[in-house]
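Residues per chain, in single letters:
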Amino acid sequence: MTPQTTSLPATAPAPRTARAIRNFIDGEFVDGVRGFDKIDPVDGSLIGQVHEAGAAEVDRAVAAARAALDGPWGRMSVGERARLLRGVADAIERRFDDLVAAEVGDTGKPETLARDLDVARAAANFRSFADTVSSAGLDSFLTELPGGRTALNYALRKPLGVVAIIVPWNLPLLLLTWKLAPALASGNTVVVKPSEETPSSATLLAEILAEAGVPDGVVNVVHGFGAGSAGELLTTHPGIDGVTFTGESSTGSAIMRAVAPRVRPVSFELGGKNAAVVFADADLDTAIAGLARSTYLNTGQVCLCTERIYVERAVFDDVAAGLAEQAARLRLGRPEDPATTTGPLISQAHRDKVRSYFELAQQEGATLLAGGGIPSFGDALDGGSWIEPTLWTGLDNSHRTVREEVFGPVAALIPFDTEEEAVALANDTDYGLAAVTWTSDLSRGHRVAQRMRVGMSWVNTWYLRDLRSPFGGVGLSGIGREGGHHSLEFYTEPTNVCVQL
Ligand code: NAD
Ligand code: 6OD
């Protein structure tokens, strides 16, 4: 993405034309080296100007995090940290409306979605990891030695250190707090790099964390882009002890290369090309409603969204007609309108990418059952990055549109004849994030769900979360799992103590 930059000297006052979105380092908001525009995807208007962090700001942020790790934060008991995290959850709820406004402003998503999913989960993430860390035990073994003697082995869990948290734009606050809460629960300090597309909620969260009593330097936020900007400066910084990242698979590769010389641990939640499988024995009304949700939620911009739908041939036409009807019923509109179900894509650049797949699908012989174009509103919304919820048939697994992640409101419907074939088609991908099986046969549901080569396999539901369960993917979809104690595994380093008794 080519940023529109303006010269913003480090000492410059805040730009007057638009809200300034600053870096947060060592407990204070600081200017960056340049400014770039944050555009509202709803109508293309200017929301604010973001202060891009340069090398000096990233250095300062890492140094502040290191100093805080070595200070009182590093000596805080688990109980005190858990209490603080619960206080953060309360503080998020007190500033709920402000966070909704920040998230909606940056993404254009429906306000109802920001309330029910993004901001609600931010508070839940802090409470959940306060609980997890409070109940976490230690490995300990009484080791029997020759001659009847024994040794006691016990593993202490120490913080990983200064953790870089790099997150994308689709669920900005949810995904940031999903990583920040366990990182803090485990006693780390962090430098956060939000997406250049969604700087606002992370900046507001920094303020909320400070109000809730999180000490200076424990959480630092630097703004900017990836390669050649704050993202790369952070991942190549010698003061970083680990990187937790959510975003595109190709960015994950770049970050692996960046940390390789210093052999730092990574946790990656990456892209997906997720399949749903619909058997003829499924409750079709429920399945169609579920498919509509898994394909179109957040305008298809959720890593878990379904982009490949395999349907048993006997019910193919029914499912196709039902889903096309659901797609046509989605209501695109302003975020504050409670009737709006679907917002714009995040940016014009992302719309160009999604539209290029719409064109490719036509070249690959797709039949359009719904959408396929850019909607026209006849008002200011025409300046936004809108696209129609779309549905294709006539494609198969050999087509690029069925193999590559689009990350937009679109899926391809493909028929199958046997359970074996359905599993093979679903697993025929380099990704491996999530899958959904729709069936009324309980045994088949378990059988098929277990054979899916993914990190998360749902049956008769989608995106139903228990925050204690492992979340992540295989193949191009990631490395490692986060959630409950799985997160603590990444955010801590064990030291084993062995005492001969
Ligand atoms: P992205 O990879 O382009 O950017 C994500 C973050 O990485 C941004 O903050 C960006 O500035 C930063 N970045 C980019 N290049 C970098 C580099 N070289 N070094 C350091 N940082 C860099 O992803 P996106 O477009 O923001 O988000 C969409 C992608 O995220 C999709 O592929 C989606 O599937 C994936 N995603 C995955 C999950 C998951 O849990 N598996 C969740 C959400 C999104
Ligand atoms: O719900 C979550 O915890 C999570 N990590 C969701 C990721 C969604 C991807 O866009």
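None of these values were measured; they are calculated from a predicted model.

### Quick word on the sheet that holds strand 19 (residues 434-438)
The pairing of strands in a sheet happens through backbone hydrogen bonds and is either parallel or antiparallel.
For step 1, the next point in the chain: The sheet built from seven strands is open, its strands ordered 16-17-18-15-14-19-20 with mixed pairing. Of all the strands in the sheet, just strand 16 (367-370) and strand 20 (456-459) have a single pairing partner and so form its edges. Ignoring strand direction, the axes of neighbouring strands in this sheet form an average angle of 25°.
For step 2, the next point in the chain: The pairing of strand 14 (residues 274-278) with strand 15 (residues 306-312) spans five bridges and is classified as parallel. From the neighbouring strand, A275 faces strand 15, where its bridge partner is R308.
For step 3, the next point in the chain: Packed on one face of the sheet, helix 11 (residues 316-329) meets strand 14, strand 15, strand 16, strand 17 (390-393) and strand 18 (410-416) and runs near 170° to strand 18.
For step 4, the next point in the chain: In the packing of helix 14 (residues 419-427) onto the sheet, the strands contacted are strand 14, strand 15 and strand 18, and the crossing angle to strand 18 comes to about 150°.

### Some points on the site of ligand 2
For step 1, the next point in the chain: Around ligand 2 lies a shell formed by R121, N170, L171, L174, L175, W178, E269, V302, C303, Y463, R465 and F471.
For step 2, the next point in the chain: Side-chain polar atom of R121 to an oxygen atom of ligand 2: 2.8 Å apart, as the coordinates give it.
For step 3, the next point in the chain: Within the contact set of ligand 2, an oxygen atom lies 2.8 Å away from a backbone nitrogen or oxygen of C303.
For step 4, the next point in the chain: Compared with its free state, where it exposes 310 Å², ligand 2 has 99% of that area covered by protein.
For step 5, the next point in the chain: Per-element accounting of the shell around ligand 2 gives the leading share, three residues, to helix 6 (residues 172-185).
For step 6, the next point in the chain: Taken together, the residues of the shell around ligand 2 break down into eight nonpolar, one polar and three charged.
For step 7, the next point in the chain: Both domain 1 (15-270 + 476-500) and domain 2 (274-466) contribute no fewer than three residues apiece to the shell around ligand 2.

### With respect to unusual backbone geometry
For step 1, the next point in the chain: Non-glycine residue V263 carries a positive phi angle of around 50°.
For step 2, the next point in the chain: Looking at where V263 falls in the secondary structure, it is placed in the loop between helix 9 (249-259) and strand 13 (266-269).
For step 3, the next point in the chain: On the accessibility criterion, V263 (69% relative accessible area) is exposed.
For step 4, the next point in the chain: Here the phi dihedral of F407 falls at roughly 60°; this positive angle occurs in a residue that is not glycine.
For step 5, the next point in the chain: With respect to the secondary-structure elements, F407 resides in the loop between helix 13 (400-403) and strand 18.
For step 6, the next point in the chain: F407 gets classed as buried once you look at its relative accessible area, which sits at 11%.

### Observations regarding the confidence of the model for the protein
For step 1, the next point in the chain: Taken over all residues, the pLDDT of the protein has a mean of 96, while the share at 70 or more is 96%.
For step 2, the next point in the chain: Per-element averaging of pLDDT across the protein places strand 1 (residues 5-7) at the bottom with 42 and strand 14 at the top with 99.
For step 3, the next point in the chain: Scored below 50 in pLDDT, residues 1-17 shows 31 contacts in the model against residues more than four places distant or in partner chains.

Definitions and limits used
Residues numbered from 1 in each chain as written. Chains lettered and ligands numbered in written order. Predicted model: local features only at pLDDT ≥ 70, side-chain atom pairs only at ≥ 80, totals over all residues. Heavy atoms only, no water. Pairing = 2+ DSSP bridges. Helix = DSSP H or I, 4+ residues; strand = E, 2+ residues; numbered from the N terminus. Axes fitted to C-alpha atoms, helices over the stretch in contact; angles between N-to-C directions. Contact = heavy atoms within 4.5 Å. Near = heavy atom within 4 Å. Polar contact = N/O pair within 3.5 Å; in protein donor to acceptor, adjacent residues only side chain to side chain. Areas by Shrake-Rupley, 256 points an atom, 1.4 Å probe, with all protein chains shown as cover. Nonpolar A, V, L, I, M, F, W, Y, C, P; charged D, E, K, R; others polar. Domains from an automatic or database assignment. Buried < 20%, exposed > 50% of the residue type's maximum accessible area, 1.4 Å probe, protein only. pLDDT = per-residue confidence, 0-100.

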